[in-house]
Amino acid sequence: MERIGIFGGTFNPPHIGHIQAAKQAMAALKLDRLILIPDNMAPHKALPPNSPTGWQRLDMLRLAVQDCPGIQVSDLELRREGVSYTVDTIAQLRQLHPKAKLYLLMGTDMFLCFQNWYHWKQILEDVTLGVFCRGASHEPAALEQKQTELKKLGAKVELVENEVVSISSTQMRRLLAFHCAEIFLPQGVGDYISRNGLYDVNAHWKQLPMEQLEQVVVRLLNPNRVAHVLGCRDTAVELAKHWGANTTDAARAGILHDITKALDGPLQLTLCAAHGTILNDFSRKYPKTLHALTGALVAERIFGENEAVVSAIRYHTTGKAAMNLLETIIYVADYMEPNRNFPGVEKLRHLAYTDLQSALRLGLEMTMEHLKRQGNALSPESKEALAYLSSHQTPV
Ligand code: FE
Ligand code: FE
């Protein structure tokens, strides 16, 4: 009996994580062939704005699997149009392959909420579920519990242990916008994306007017960071007006300061490597602190910002010795914008409008205390900033 795997998804864009998972499932489940099916419209989520068409996602997927024996791509859901329900896809495949043993592949996240799927019981009647156990993203206990639960309902489930390529399509779209996605793209897919100008790779984002800049930034941030970033921009502008700094630079540095924050530590390193940035020991040890450096890099190379803006972003987390007015404003605005809420924030807000250097110093000292409590080291730049302020200023 032929064993056929079905692996559906949005594939927006397809990346090496998909291909690796497909190959491993193929081997582990001893499949004769595996059919990848890009959805026309996923039932559970809308496509982000500026996404390629379904047929472009299909083209990319074809390129991605061109050297993978046994793996093929189907346009079945695209041709069917409308919302792509798995139950309909399985019914169509069953007609085409009446005698085959069908395996429906899915990640652990989808498996754990399987009972929310449209007509899930009907799906279980016709297929075996092949579940990718992607690393430690879900507790093995939760998976086993779900497996037992579904088996009691007559489900056939096989868990496939696969190595993890820790990348999601959401992160892929950020990496593409930051021009550093290359290493995660299957051969041919990167060229297709640039040829067709997909995912903002050919976008002209240099010196965008503020309204457009805001739209792009909101698209690249984690949704839960948007309020902070807009708050930082508005606070930076207020402080710039108060202290006589350039308000345009303040607004642009404020809105861009956390532009790469959604990338985790390893992806921060990927961005640095792709742009040829050499890192010091501290950055390598604490890659999460790199978002200030990578943010500055992106502000300069992707958004074409001026030196003052780039430098304010570069030092917004650590500070440095002898900070200029804009650098100080962004550091302080980041700390005190209206969404910040911690003991001492009111004092900082007061100082920001009466004695900016003391506000900076208070921020640096609070950071030092916070890092100490967490058992983390203070960056060399912060140490230099504090030493500089001690020798140039009376204590707060
Ligand atoms: Fe930050
Ligand atoms: Fe911030």
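Structure: above.
Remember, it's a predicted structure, so these values are computed and weren't measured experimentally.

Enquirer: I tried to follow the pattern of salt bridges on my own but got confused; where do I start?
Expert: Tallied over the full model, the rule gives 18 salt bridges. A salt bridge links D334 to R340; the nearest nitrogen and oxygen atoms lie 3.2 Å apart. Here E369 ties to K372 by a salt bridge, and the two come within 3.9 Å at their closest N and O atoms. You can see E369 and its partner K372 sitting in helix 19 (residues 356-374), three residues apart, about one turn around the helix. Within the structure, one salt-bridge network assembled from shared partners comprises E214, R233 and D234.

Enquirer: Explanation requested: the layout of surface pockets in the structure shown.
Expert: If a probe the size of a water molecule is rolled over the atoms, the empty space left behind becomes visible. As a volume, the second largest pocket reaches approximately 960 Å³. Contributing to the lining of the second largest pocket are 34 residues, with K261, H291, T317, T367 and H370 lying nearest its centre. Of all elements in the fold, only helix 13 (265-274), helix 14 (281-285), helix 17 (325-336) and helix 19 reach the threshold of two or more residues within the lining of the second largest pocket. No other element matches helix 19, which puts seven residues into the lining of the second largest pocket.

Enquirer: Sorry if this is basic, but what is going on with the coordination of the iron ion (ligand 2) here?
Expert: Six octahedral donors around a metal ideally make angles of 90 or 180 degrees; four tetrahedral donors ideally make 109.5 degrees. Here the iron ion (ligand 2) is held by the protein donor atoms H228 (NE2), H257 (NE2), D258 (OD) and D334 (OD), which lie 2.2 to 2.3 Å from it. Viewed at the metal, the four donor atoms of the iron ion (ligand 2) are separated by angles of 80 to 167°, and the geometry they form is irregular. We note that the donor set of the iron ion (ligand 2) lies within a single chain, spaced as H-x28-H-D-x75-D. Between the two metals, the iron ion (ligand 2) and the iron ion (ligand 1), the spacing is 3.3 Å, and D258 donates to both. Here the residue H228 occupies a position in helix 11 (residues 226-243), and D334 occupies one in helix 17, the gap between them amounting to 106 residues. With a relative accessible area of 8%, D334 lands in the buried category.

Enquirer: Would you take a moment to explain the coordination of the iron ion (ligand 1) for this structure?
Expert: Looking at the metal site, the iron ion (ligand 1) is ligated by D258 (OD), H291 (NE2) and H316 (NE2), spaced 2.1 to 2.2 Å from it. Coordination of the iron ion (ligand 1) draws on donor residues from a single chain, spaced D-x32-H-x24-H in sequence. Classification of H316 by relative accessible area gives buried; the value is 1%.

Enquirer: How should I be thinking about the packing of aromatic side chains in this particular structure?
Expert: The geometry of two aromatic rings is summed up by the distance between their centres and the angle between their planes. Counted according to the given criterion, the structure contains nine aromatic pairs. Between the aromatic rings of F114 and W117, the centroid separation amounts to 5.0 Å while the plane-to-plane angle is 45°, which identifies the pairing as tilted. Judged by relative accessible area, which is 0%, F114 ranks as buried. Each ring, one from W205 and one from F303, has its centre 5.5 Å from the other, and the planes form 10°; the classification is stacked. Of this pair, W205 sits in the loop between helix 9 (189-195) and helix 10 (210-220) while F303 is found in the loop between helix 15 (291-301) and helix 16 (307-314), placing the two residues 98 residues apart along the sequence. The buried category is assigned to W205, whose relative accessible area is 6%. A residue is classified by how much of its surface remains accessible, and F303, at 0% relative accessible area, is buried. An aromatic cluster is present here, built from F7, F11 and F132 joined pairwise through their rings.

Parameters and conventions
Residues numbered from 1 in each chain as written. Chains lettered and ligands numbered in written order. Predicted model: local features only at pLDDT ≥ 70, side-chain atom pairs only at ≥ 80, totals over all residues. Heavy atoms only, no water. Salt bridge = Lys/Arg side-chain N within 4 Å of Asp/Glu carboxyl O. Helix = DSSP H or I, 4+ residues; strand = E, 2+ residues; numbered from the N terminus. 1 Å grid on protein atoms, 1.4 Å probe; cavity = no way out; pocket = protein on both sides within 12 Å on 5 of 7 lines; lining within 4 Å. Points joined across faces, edges and corners; volume = space filled by probe spheres on them. Donors = N, O, S within 2.8 Å, 3.2 Å for Na, K, Ca; no water. Tetrahedral: all angles 85-135°; square planar, octahedral: opposite > 155°, others 65-115°. Buried < 20%, exposed > 50% of the residue type's maximum accessible area, 1.4 Å probe, protein only. Phe/Tyr/Trp six-rings, centres within 6.5 Å; stacked < 30°, edge-to-face > 60°.

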